[in-house]
Amino acid sequence: MWQWTPIRDWLNAQISEYWATPLLTAVQIVIVMVSIILVMAYFTLAERKVIGWIQARKGPNRVNLLWIPGFAQPFADVFKLMFKEILIPADANGFLFRLAPFLALIPAIATWAVIPFAPERTFANIDAGLLYILALTSMGVYGIILAGWAANSKYAFLGAMRSAAQIVAYEIAMGFAMVGVLMASGSLNIGDIIQAQHGGWFTWNWSWLFPLMLVYFISGVAETNRAPFDVAEGESEIVAGFHVDYSGMAFALFFIAEYVNMILISALTVIFFFGGWLSPFDGGAWGVPESSLLAQPGFFWFGLKTLVPMFTFLWLRATFPRYRYDQIMRLGWKALIPVTLIWLAVEGIMVYAHVGPWRGNG
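Per chain, residues are indexed from 1 in the order of the written sequence. Confidence filtering applies because this is a predicted model: local features only for residues at pLDDT of at least 70, side-chain atom pairs given and counted only at 80 or more, and all residues used for totals across whole chains, interfaces and linings. Hydrogens are left out, water is left out, and the side-chain values use all remaining heavy atoms of the structure.

Novice: Provide a residue-level description of the packing of aromatic side chains, including the pertinent values.
Specialist: What counts as a ring pair is set by centres within 6.5 Å for rings of Phe, Tyr and Trp (its six-membered ring), and what kind of pair is set by the plane angle: stacked under 30 degrees, edge-to-face over 60, tilted for all other angles. Within the structure shown, the criterion is met by 24 aromatic pairs. Where F117 meets F302, the ring centres are 6.2 Å apart and the plane angle is 85°; that geometry is what we call edge-to-face. Of this pair, F117 sits in the loop between helix 4 (94–110) and helix 5 (129–150) while F302 is found in helix 12 (residues 299–319), placing the two residues 185 residues apart along the sequence. Side by side, F117 and F302 carry an identical accessibility label, which is buried. Of the aromatic side chains, those joined through ring pairs into one cluster are F43, F251, F255 and Y259. Under the scheme used here, helices are H or I runs from DSSP no shorter than 4 residues and strands are E runs no shorter than 2 residues, and both carry numbers assigned from the N terminus. Exposure is judged per residue with a 1.4 Å probe applied to protein chains only, and the accessible area is read against the type maximum: over 50% gives exposed, under 20% gives buried, and values in between give partly exposed.

Novice: So what's going on with the packing of helix 9 (residues 210–223) against helix 13 (residues 325–353)? Which residues, and what values?
Specialist: Each pair of packed helices can be described by the angle between their axes along with the distance between the axes. Direction vectors running N to C along helix 9 and helix 13 enclose 150°, while the axes themselves pass 9 Å from each other. Pair helix 9 / helix 13 crosses with left-handed handedness. Contacts from P211, L212, V215, I218 and S219 in helix 9 reach L331, L336, V339, T340, W343, L344 and E347 in helix 13. When the residues that make up the contact of helix 9 with helix 13 are grouped by side-chain class, the tally is nine nonpolar, two polar and one charged. Only C-alpha atoms enter the line fits that serve as axes; for helices the fit covers just the stretch in contact. Angles between N-to-C directions range over 0 to 180 degrees. Crossing handedness is defined as follows: a turn of the near helix away from the far one that is anticlockwise and smaller than a right angle gives a left-handed crossing, while the clockwise case is right-handed. For this analysis, residues touch if any pair of their heavy atoms sits within 4.5 Å. Nonpolar residues are Ala, Val, Leu, Ile, Met, Phe, Trp, Tyr, Cys and Pro. Charged residues are Asp, Glu, Lys and Arg, and all others, Gly as well, are polar.

Novice: Tell me what's going on with the nonpolar core, and back it up with residues and numbers.
Specialist: Throughout this description, the term nonpolar core refers to a set of buried Ala, Val, Leu, Ile, Met, Phe, Trp, Tyr and Cys residues connected via side-chain atoms within 4.5 Å. One finds W112, Y216, F272 and F273 to be the most contacted residues of the largest nonpolar core, which totals 82 residues. In terms of residue count, the dominant contributor to this core is helix 11 (residues 248–273) (17 residues). Contacts of Y216, omitting those with residues within four sequence positions, involve M174, A177, M178, I265, L268, T269, F272 and F273.

Novice: Describe unusual backbone geometry, listing the residues and the values that go with them.
Specialist: Residue P228 follows A227 across a cis peptide bond; omega there is 10°. Looking at the element boundaries, P228 is found in the loop between helix 9 and helix 10 (235–238). Its identity as a non-glycine residue notwithstanding, A56 has a phi of 60°, on the positive side. With respect to the helices and strands, A56 occurs in the loop between helix 2 (17–54) and helix 3 (73–82). Positive phi, close to 60°, is recorded for E120, a residue that is not glycine.

Below, the structure written as structure tokens:
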């Protein structure tokens, strides 16, 4: 990912080159993982602050850090959860009960291996990156099902089944939206998908794949069980859903997985539809010279763009009431999937006819 040539040369002199490369890679992986966890932690604080602002409240303002009210609240939450006892129900399957939180979290973390943060800045620049993302984002449902089943509780099991059915329904629509991105870019490589959007704001995929962009993001909100699709946590029917019997750090792992997935969906929305690390002034757009610093691609643009869908997650939670379960399933099966199929047919015709920026093989 990063070359770190001086450090690499020093390590080669101290130990063999055979060990220097994997050691540097491991250090970089730890740096990225810690950064993601820190962003996740402050995303929870941002959520409470933003929702408080929308609802005319102050939000967290007691645990101060660097004289900023509430800035240390994520650390206070971590310490609280670390010292809470993890209780396992007497009739639960202990092994699967402990395994489920990791099955929810590990795919969310592992997916970042193919995310390009900047040009040539990715851990695994594989040609099947799109399939890798689709496969790993599909695995999180196993942790949810196991959590509900292993607890041996009707409330948890009902919440797991509702959540699993919802995830499967919206994952189909999300997969079809990704097929549209594949058709537009002509590649499964994530870096190539970004490069195919070169040319400025109006050459990004959002302009030609706008319906698929909406479907992808809505499906991402539903897949992460976020409001208004959080029926897995319907308090009036099933208490807290599939993780009702979890406490302490076991519950925290589900919590972390949910927020890491929110950040991941935001990043993927930017990569697929908003040019990833490309600058909005790329290709001389808006009259900015290509040699200008503003036109250069980089992590700055990727991070700045990702903040927009992350904020949208919070905005939706503060704005919309929770849907009924039948409404959610109807939206997934009878609205989003047909929209993606229709737009894929339209896109296929445009690719075949070489209309617009489509990149066809014919």
